[in-house]
Amino acid sequence: MLDDVDRLIGGGRHDGEAQLAGLEDKVWARIGERRDQARMGQVRAAAIALALIVGVANGSFMLLYPRPEPSEMRVFTVSTGLSPLSGLDVRG
């Protein structure tokens, strides 16, 4: 097991700096990408929460608003007698 580790560490290259060249820049670039992804996730969550709040507020205001009474002019519509609920006086 130790022989494999020693062989992997050696890897045929004895110049450790050549293997690490640019590694720090790559690490910081990847950290920046992860931060950007996290920010976008927060923006998406905030947008969904705002949409939910607006929808609930709109729905609650619509419940408070009185429904209009059916118009007497509905007898002149084309589909007056075609609805199965017209005889039950159901409002929709």
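Keep in mind it's a predicted model, so treat the numbers as computed, not measured. (Residues numbered from 1 in each chain as written. Predicted model: local features only at pLDDT ≥ 70, side-chain atom pairs only at ≥ 80, totals over all residues. Heavy atoms only, no water.)

**Considering the overall build of the protein**
Turning to step 1, where the next piece is worked out: Scanning the protein from N- to C-terminus turns up 3 helices and 0 strands.
Turning to step 2, where the next piece is worked out: Buried positions account for 0% of the 92 residues belonging to the protein. (Helix = DSSP H or I, 4+ residues; strand = E, 2+ residues; numbered from the N terminus. Buried < 20%, exposed > 50% of the residue type's maximum accessible area, 1.4 Å probe, protein only.)

**What about a nonpolar patch on the surface?**
Turning to step 1, where the next piece is worked out: Side chains of L20, L23, V27, W28 and I31 sit close together on the surface and give an oily, nonpolar patch of about 470 Å² of accessible area.
Turning to step 2, where the next piece is worked out: Note that V27 resides in helix α3 (residues 23–64). (Patch = residues over 30% accessible without salt bridge, like charges linked within 9 Å, V, L, I, M, F, W, Y side chains within 5 Å. Areas by Shrake-Rupley, 256 points an atom, 1.4 Å probe, with all protein chains shown as cover. Salt bridge = Lys/Arg side-chain N within 4 Å of Asp/Glu carboxyl O.)

**Focus on α3**
Turning to step 1, where the next piece is worked out: The terminal C-alpha atoms of α3 lie 62 Å apart, and with 42 residues this matches the ideal 62 Å at 1.5 Å per residue to within 8%.
Turning to step 2, where the next piece is worked out: When you tally the buried positions in α3, you get 0 out of 42 residues, a small fraction of the element. (Expected span 1.5 Å × (residues − 1).)

**Overview of the confidence of the model for the protein**
The predicted coordinates should not be examined in detail at positions where pLDDT is low.
Turning to step 1, where the next piece is worked out: Put simply, the protein has an average pLDDT of 77, and 59% of its residues get 70 or more.
Turning to step 2, where the next piece is worked out: Averaged over each element, pLDDT in the protein is lowest for helix α2 (residues 16–20) (63) and highest for α3 (91). (pLDDT = per-residue confidence, 0-100.)

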